[in-house]
Amino acid sequence: MAYPLFGDEAKDALKPLVALESALISHGLPYPKNLETAQAMEEIVREGGATPVTIGIIGGRPKVGLSRGEVERLGRGSGVRKVSLRDLPAAVARGWDGGTTVSATLYLAHKAGIRVLATGGIGGVHRGKGWDLSADLLALAQTPLVVICSGAKAILDLPATLEWLETSGVPIIGYGTGEFPAFYSRSSGLPLEQRVDTPQEVAEMARARDELGLSTAILVTVPLPEEDEVPSTLVEEALAKALEMAAESVRGAALTPFLLARMNELTRGATLRANIALLKNNARVAAGVAQALITA
Ligand code: PSU
Ligand code: MN
């Protein structure tokens, strides 16, 4: 079926775009791997026939399409903030430099008409008795993009995160899997009802959502490549220690970056390698999906 809103010539002018978030550059990965990974993701999207659009805040200006120099500014600058949806007004009013999380990036990407976003793992419900729910979940419930990820970060409460997404009406699709991936490992034991094996199937699902007038994201979950998996005993041990170190003292926006950094140290870089591998793999899948959305 032809793309419903554009004639052939206009269709040629439409470029497949992939939005990339920048909180993972400013807060998710250590320097200089953060910059290497950001550049590699852009390159992989290009090789996949799409155009990468990295999104962030520079001096209070939301920028949809950061230059290389601006990505470097976010990746090695001091005083760069982690900007989630609720931080956008402050970031703009006060002239911050900010790496945008999935929630803020979804908002800006949607305003710019971009339909696909690639990341590593979405935020979700944190473990423990406190009440810490990522703004990513609410943004996913409200923003009609296709989000390519490897599930939610393993530091989270995955069953609770899945429940929350179900309650909010966010379709979750396993890409080549019938299970929700657990970020550092391919399986979580949590079954998914929808599985697809091609970018075209993802595009069909997105088209159906649009025709229905639904405004939720579609979450496409891609397990990381087998050779990059971290053994689950190693993840669990490190996670128990990292959570203990965080205890009551690390809260709010600082919690996710803190846990990711401790995991990297405690596993001697194994979780960082896995994180980078899955980011690159997701960029590749996202390029295919962005193309399929235009040609479907
Ligand atoms: N994916 C990664 N590393 C990251 C993130 C995603 O591989 O650091 C970031 C994203 O920007 C996501 C954020 O939106 O972590 C979630 O933070 P919080 O749990 O505070 O909502
Ligand atoms: Mn939080």
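Look up: the structure comes first, before these words.
In this text, all values refer to a predicted model and were calculated from it rather than measured experimentally.

A. Representation of the site of ligand 1 in the model. Close to ligand 1 lie 18 residues; K82, S134, D136, T256 and N275 are nearest. At 2.7 Å from an oxygen atom of ligand 1 is found a side-chain nitrogen or oxygen belonging to K82. Contact with the protein chains hides 94% of the accessible area of ligand 1, taken as 480 Å² for the molecule alone. A molecule is said to occupy a pocket when more than half its atoms come within 2 Å of that pocket's grid points, and by this definition ligand 1 occupies the largest pocket. Elements with a minimum of two residues in the shell around ligand 1: α2 (23–28) and α11 (255–266).

B. Examining the pairing of strand β2 (residues 51–58) more closely. For β2, the buried fraction is high: seven of the eight residues fall into the buried class. Here strand β1 (residues 17–20) runs beside β2; their pairing, made up of four bridges, is parallel. Following the sheet pairing, V18 is matched in β2 by P52. Pairing of β2 with strand β3 (residues 61–64), which is carried by four bridges, proceeds in the antiparallel orientation. Bridge pairing in β3 links I57 to P62. Linking β2 to β3, which pair antiparallel, is a turn of two residues; within it G59 sits at a positive phi near 50°.

C. Inspection of the packing of helix α7 (residues 135–142) against helix α8 (residues 158–167) at higher detail. In contact at an axis separation of 10 Å, α7 and α8 are set at 30° when each is read in the N-to-C sense. When the interaxial angle is binned, α7 and α8 end up roughly parallel. The handedness of the crossing between α7 and α8 is right-handed. In contact with L137, L138 and L140 of α7, α8 contributes T161, W164 and L165. Of the residues in the contact of α7 with α8, the class split is five nonpolar, one polar and no charged.

D. Quick peek at the packing of aromatic side chains. For the coordinates displayed, the defined rule picks out one aromatic pair. Its guanidinium or amino end placed over the ring of W96, R81 lies 4.0 Å from that ring's centre, counting from NZ or CZ.

E. How the structure looks around helix α9 (residues 199–212). In this model, α9 (14 residues) spans 20 Å end to end at C-alpha, consistent with the 20 Å of a helix rising 1.5 Å per residue. Among the residues of α9, those classed as buried are P199, V202, A203, A206, R207 and R209. Looking down the long axis of α9, one finds its buried residues gathered within 160° of arc, a one-sided arrangement. Opposite its buried face, α9 presents the exposed residues E211 and L212, each directed more than 90 degrees away. The inward-facing, buried residues of α9 contact β7 (146–149), β8 (172–175), β9 (194–196), β10 (218–221) and α12 (270–295). G213 sits one or two positions beyond α9 and adopts a positive phi of about 75°.

F. Representation of empty space enclosed by the protein in the model. Considering all chains together, one arrives at one cavity of 30 Å³ or more under this definition. Empty space within the largest cavity amounts to approximately 50 Å³. In this structure, the largest cavity is lined by L20, E21, L24, I25, A38, M41 and T54. Of all the secondary structure elements, the ones that give two or more residues to the lining of the largest cavity are α2 and α3 (33–47). Grouping the constituent residues of the lining of the largest cavity by class yields five nonpolar, one polar and one charged.

The rules behind the values
Residues numbered from 1 in each chain as written. Chains lettered and ligands numbered in written order. Predicted model: local features only at pLDDT ≥ 70, side-chain atom pairs only at ≥ 80, totals over all residues. Heavy atoms only, no water. Near = heavy atom within 4 Å. Polar contact = N/O pair within 3.5 Å; in protein donor to acceptor, adjacent residues only side chain to side chain. Areas by Shrake-Rupley, 256 points an atom, 1.4 Å probe, with all protein chains shown as cover. 1 Å grid on protein atoms, 1.4 Å probe; cavity = no way out; pocket = protein on both sides within 12 Å on 5 of 7 lines; lining within 4 Å. Sits in = over half its atoms within 2 Å of the grid points. Helix = DSSP H or I, 4+ residues; strand = E, 2+ residues; numbered from the N terminus. Buried < 20%, exposed > 50% of the residue type's maximum accessible area, 1.4 Å probe, protein only. Pairing = 2+ DSSP bridges. Axes fitted to C-alpha atoms, helices over the stretch in contact; angles between N-to-C directions. Parallel < 35°, antiparallel > 145°, perpendicular 65-115°, else oblique. Left-handed = near helix turned anticlockwise from the far one by under 90°. Contact = heavy atoms within 4.5 Å. Nonpolar A, V, L, I, M, F, W, Y, C, P; charged D, E, K, R; others polar. Phe/Tyr/Trp six-rings, centres within 6.5 Å; stacked < 30°, edge-to-face > 60°. Lys NZ or Arg CZ within 6 Å of the ring centre and 35° of its normal. Expected span 1.5 Å × (residues − 1). Arc of directions from axis to C-beta. Points joined across faces, edges and corners; volume = space filled by probe spheres on them.

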